[in-house]
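# Summary of the model geometry
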Amino acid sequence: MKLAIVGSVRLSIVQHEMARRLITQVLKTEQPSLVVSGGAPGIDTLAVEIACAMGIATKGHQPKVQRWADGFKPRNIEIARECDKLVRIVRKQSATYGSGWTRDYAAGIGKPTQEYEV
């Protein structure tokens, strides 16, 4: 099973530790063969780090450019299409919605999704 883990870029120290525990638990529960990530700092990077430490293969999708239309949007579509399931981990006070858009797109194409707040 290919599991996408996406989420917030900025985390406080407390949120970082909460996210670390949450990602570890999700990976133990889901037991994916591959973790798909957007490669951004924060949740994306943390998920890859933890997956690697647990011996789970990873694949990152980097945006070609740092713009929505021809960078982040196509990257997010690629993540949603590649995964079998998507988990979004977002900080409560997040002011951006990129990972939410990815979750919404994945759900729209029939992929199961879960969301957690830290």
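In this report, the structure presented in the accompanying data block is examined. None of these values were measured; they are calculated from a predicted model.

### Details of helix 3 (residues 68-82)
Across its 15 residues, helix 3 extends 19 Å between first and last C-alpha, which sits within 8% of the 21 Å expected from 1.5 Å per residue. Within helix 3, burial applies to Gly71, Arg75, Asn76, Ile77, Ile79, Ala80 and Glu82.

### Brief notes about the pattern of salt bridges
Summed over the entire model, instances satisfying the criterion amount to seven salt bridges. Here glutamate 82 ties to lysine 59 by a salt bridge, and the two come within 3.4 Å at their closest N and O atoms. Note that glutamate 82 is positioned in helix 3 and lysine 59 in strand 3 (residues 57-60), a separation of 23 residues in sequence. Connected via shared salt-bridge partners are Arg88, Arg103, Asp104 and Glu115.

### Overview of the sheet that holds strand 2 (residues 34-37)
On the basis of which strands lie adjacent, the open sheet formed by five strands has the order 3-2-1-4-5 and parallel pairing. Two strands bound the open sheet, and with one partner strand each, they are strand 3 and strand 5 (113-117). Mean inter-strand twist for the sheet, computed between neighbouring axes without regard to direction, equals 20°. Two strands pair when backbone bridges link them, and strand 4 (residues 85-90) and strand 5 are joined in this way by five bridges, in the parallel orientation. Note on strand 5: the bridge partner recorded for isoleucine 89 is tyrosine 116.

The rules behind these values
Residues numbered from 1 in each chain as written. Predicted model: local features only at pLDDT ≥ 70, side-chain atom pairs only at ≥ 80, totals over all residues. Heavy atoms only, no water. Helix = DSSP H or I, 4+ residues; strand = E, 2+ residues; numbered from the N terminus. Expected span 1.5 Å × (residues − 1). Buried < 20%, exposed > 50% of the residue type's maximum accessible area, 1.4 Å probe, protein only. Salt bridge = Lys/Arg side-chain N within 4 Å of Asp/Glu carboxyl O. Pairing = 2+ DSSP bridges. Axes fitted to C-alpha atoms, helices over the stretch in contact; angles between N-to-C directions.

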